[in-house]
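# Structural features, examined
Listed here are the chains, written in short residue letters.
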Amino acid sequence: MEPVGCLSFDEPPRRWVANAGIYCDMGVALGLADRLVAIGSPRRYYTGYYDELPGVSLDKTARPALSAGARMSKEAFYAADADVHLMDPVWLMGTFGWTEDDVAEIAERVGPFFGNYIRERRDEWHDYRYYTLSKAFGKVARLFDRVDRYQRLETVREEMAARIRSNLPAERAEILLLRPQGIPPRSFYPQYLDDSVSDLQWSVVDVDDVLTGSDVPRWGTTVDYETIARLDPEVIVMETQFADDFVLDRESFREFVLGTMRDHPVARDVSAVESGRVYSGGINYQGPLISLFQIEHAALSVYPDAFDGPLFDRERVARIVTGA
């Protein structure tokens, strides 16, 4: 896997760590939750969806965090004593100021790195190959010798995606994807849709991006209610980076987001607000299990007349994960 190259083991690694929801979720999907010994940033890993999968669970509080604020120290890696680190070492250098010597030290004295930062596609330091979630998941499955579970879960995803695409209406919904700031939010980061893992559900649930062709900058800016009113989307979707943000709780979402917008003298006249088509979009760190739920949620939210009820079998997925 780029950028780390090839790894070989005499036997599949047992103790592993990962940074956030993408690679943590891969390990859980392969039935390896009990071997996860530490999490880089637990806030960026939402485990609530596992409650819908019988026999699947993970207690984040039972695993130490590798990060402390803006730091991720080598000492935390020594303490975790993992056989493999499902992290992109170039991301460590670009985000936490690690050096190549730091990476080599941990790889040699603790365990190697195996990961590629696939959440987004905007970082200048990421000048090597990106992988789709499926490709990265397949490599992690080979690493742990769990290819059968990977293939079976891929079949579930492919069947759901085919079902959704075959039932999409001819007229696509026009959405505005936002990341809210504050509780209640007064400003928002606009999120252009692309083919990164954070936007995976929107590549399945085909929609039109209201930001395309607009004068809103792609990065480094926030928008206010006046800008949202000017864009006047049919549907607004709020996503989050953090697992404990209020946007993942439906009651809080309706109170603090939709309620605030309906009370705002400008926002209340936006088409999406008038029709009540303002939805929570989940967390943008999603692995193979989390993405199943978020693809389903996107389809049911944006095209409620086209889809009804669960779009994948929870029991079937749980049996794959647990090896039943």
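What counts and how
- Residues numbered from 1 in each chain as written.
- Predicted model: local features only at pLDDT ≥ 70, side-chain atom pairs only at ≥ 80, totals over all residues.
- Heavy atoms only, no water.
- Salt bridge = Lys/Arg side-chain N within 4 Å of Asp/Glu carboxyl O.
- Helix = DSSP H or I, 4+ residues; strand = E, 2+ residues; numbered from the N terminus.
- Buried < 20%, exposed > 50% of the residue type's maximum accessible area, 1.4 Å probe, protein only.
- Arc of directions from axis to C-beta.
- Contact = heavy atoms within 4.5 Å.
- Core = buried A, V, L, I, M, F, W, Y, C linked by side-chain atoms within 4.5 Å.

## Let's talk about the pattern of salt bridges
- Taken as a whole, this structure holds 14 salt bridges when the rule is applied.
- A salt bridge links Asp 102 to Lys 74, with the shortest nitrogen-to-oxygen separation between them at 3.1 Å. Here Asp 102 is found in helix α4 (residues 100-109), whereas its partner Lys 74 is found in helix α2 (residues 74-80), with 28 residues between them in sequence.
- Several salt bridges share partner residues, and in doing so they unite Arg 119, Glu 120, Arg 179 and Glu 239 into one network.

## A look at α4
- Every buried residue belonging to α4 is among Asp 102, Val 103 and Ile 106, and all of these are buried. Projected onto a plane normal to the axis of α4, the buried residues spread over an arc of 100° and lie on a single side. α4 presents Glu 100, Asp 101, Glu 108 and Arg 109 as exposed residues on the side facing more than 90 degrees away from its buried surface.
- Tucked into the core, α4 has its buried residues touching α2, β5 (84-86) and α3 (89-96).

## Structural notes on the nonpolar core
- If you look at the biggest cluster of nonpolar residues, it comprises 90 residues, and the most contacted ones within it are Tyr 23, Leu 86 and Ile 164.
- No other element matches the eight residues that helix α11 (residues 288-302) contributes to this core.
- Leave out the neighbours within four places in its chain, and Tyr 23 touches Met 1, Trp 16, Ala 18, Leu 86, Gly 115, Asn 116, Ile 118, Ala 136 and Val 140.

Any functional reading would require information beyond the geometric quantities listed.
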